[in-house]
Amino acid sequence: DTGVSQNPRHKITKRGQNVTFRCDPISEHNRLYWYRQTLGQGPEFLTYFQNEAQLEKSRLLSDRFSAERPKGSFSTLEIQRTEQGDSAMYLCASSNEKLFFGSGTQLSVL
Amino acid sequence: LAKTTQPISMDSYEGQEVNITCSHNNIATNDYITWYQQFPSQGPRFIIQGYKTKVTNEVASLFIPADRKSSTLSLPRVSLSDTAVYYCLVGDAGTASKLTFGTGTRLQVTL
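Keep in mind that what you see is a predicted model, and the values were worked out from it rather than measured.

Undergrad: Describe the environment of Leu-46 of chain A, naming the residues involved and giving the relevant values.
TA: Residue and element names in this part refer to chain A. Among the secondary structure elements, Leu-46 is positioned in strand E5 (residues 44-50). Judged by its relative accessible area of 0%, Leu-46 is buried. Each C-alpha atom of the pair Leu-46 and Glu-97 lies 19 Å from the other, and the pair is 51 residues apart in sequence.

Next comes the structure, spelled out in structure tokens:
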């Protein structure tokens with residue numbers, strides 16, 4: 001399977017804990033995006049990488065959130081001191097011209 | 001940002017043609033129009049993309065009038081498996097923050 005891969009698929013954590021998600025994009029895509037989606041809403045843009053450079057960040061991305069793409073391949077999204085409001089589906093996408101999404105990581109903060 | 005407006009929901013019977021219209025009055029010259037399909041607990045899946053006039057692929061057609069202020073996704077002969085949320089996006093993949101999904105159109109197909 002050469003699609004976008006996200007791990008883990010599900011994460012349950014307690015409030016205040018740190019979590020990290022991983023995204024492996026389609027190998028020839030140099031653009032990588034993170035989105036967040038809550039129930040009944042469309043995906044909301046969080047951040048965007050062109051190769052290893054983080055070029056855009058949404059104001060939704062508070063200072064508790066950090067994303068990296070160290071070698072321009074896979075990316076990680078870390079949430080520190082999780083809050084219940086962080087519960088959502090976190091989607092990764094990569095792109096040549098069209099966005100290809102992974103299946104997401106469903107985060108539940110208890 | 002080119003905001004999009006779509007109907008919240010639509011219902012159809014299996015075998016019918018479904019047309020979902022999206023309004024994007026503030027579309028910019030460089031913006032493409034892209035439609036995605038999303039099933040529960042999955043990421044959105046690309047359906048079709050266009051810039052102007054008509055585009056057709058194996059699953060759908062996209063109609064874009066000359067002023068490009070709206071677009072219509074046409075799904076021929078829908079089946080139960082087409083029940084999903086459909087999103088219209090306007091923007092350029094190179095300007096990621098412009099790719100705003102909105103709430104989409106929830107299509108329910110029944111027998």
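Undergrad: Quick one: what's the story with the packing of aromatic side chains, residue by residue and with numbers?
TA: Residue and element names in this part refer to chain A. Counting across every chain of the model gives twelve aromatic pairs over all chains. Pairing Phe-21 with Tyr-90 gives two aromatic rings, centres 5.4 Å apart and planes at 40 degrees, and the pair type is tilted. Residue Phe-21 is found in strand E3 (residues 19-24), and its partner Tyr-90 is found in strand E9 (residues 88-95); the two are separated by 69 residues along the sequence. Taken as a pair, Phe-21 and Tyr-90 share a single burial class, namely buried. With a centroid separation of 5.6 Å and 55 degrees between ring planes, the pair formed by Tyr-35 and Phe-101 is classed as tilted. You can see Tyr-35 sitting in strand E4 (residues 31-37) and its partner Phe-101 sitting in strand E10 (residues 99-101), a full 66 residues away along the chain. The exposure class assigned to Tyr-35 is buried, which follows from its relative accessible area of 0%. Take Phe-101: its relative accessible area is 12%, and that puts it in the buried class.

Undergrad: Can you explain the pairing of E4 of chain A? Please cite residues and give values.
TA: Residues and elements named next belong to chain A. Along E4, seven of the seven residues are buried, which leaves the element largely enclosed by surrounding structure. Neither face of E4 is exposed, since Arg-31, Tyr-33, Tyr-35 and Gln-37 on one face and Leu-32, Trp-34 and Arg-36 on the opposite face are all buried. Bridge analysis of E4 against E5 gives six bridges, and the strand direction is antiparallel. When the sheet's bridge partners are listed, Leu-32 is paired in E5 with Phe-49. Taking the residues between adjacent antiparallel strands as the criterion, E4 and E5 are bridged by six residues, where Gly-40 takes a positive phi near 85 degrees. With seven bridges joining them, E4 and E9 adopt antiparallel strand pairing. Bridge pairing links Tyr-33 to Ala-93 in E9.

Undergrad: Describe the interface of chain A and chain B, with residues and values.
TA: On the side of chain B, 19 residues touch chain A, which itself brings 21 residues to the contact. Linking chain A with chain B are zero salt bridges. The tally of links between chain A and chain B comes to five residue pairs in polar contact (both at pLDDT 80 or more). Looking at the side of chain A that touches chain B, the elements with two or more residues in it are E4, E5, E9 and E10 of chain A. Here the side of chain A that touches chain B gets four residues from one element, more than from any other, and that element is E4 of chain A.

Analysis parameters
Residues numbered from 1 in each chain as written. Chains lettered and ligands numbered in written order. Predicted model: local features only at pLDDT ≥ 70, side-chain atom pairs only at ≥ 80, totals over all residues. Heavy atoms only, no water. Helix = DSSP H or I, 4+ residues; strand = E, 2+ residues; numbered from the N terminus. Buried < 20%, exposed > 50% of the residue type's maximum accessible area, 1.4 Å probe, protein only. Phe/Tyr/Trp six-rings, centres within 6.5 Å; stacked < 30°, edge-to-face > 60°. Pairing = 2+ DSSP bridges. Contact = heavy atoms within 4.5 Å. Salt bridge = Lys/Arg side-chain N within 4 Å of Asp/Glu carboxyl O. Polar contact = N/O pair within 3.5 Å; in protein donor to acceptor, adjacent residues only side chain to side chain.

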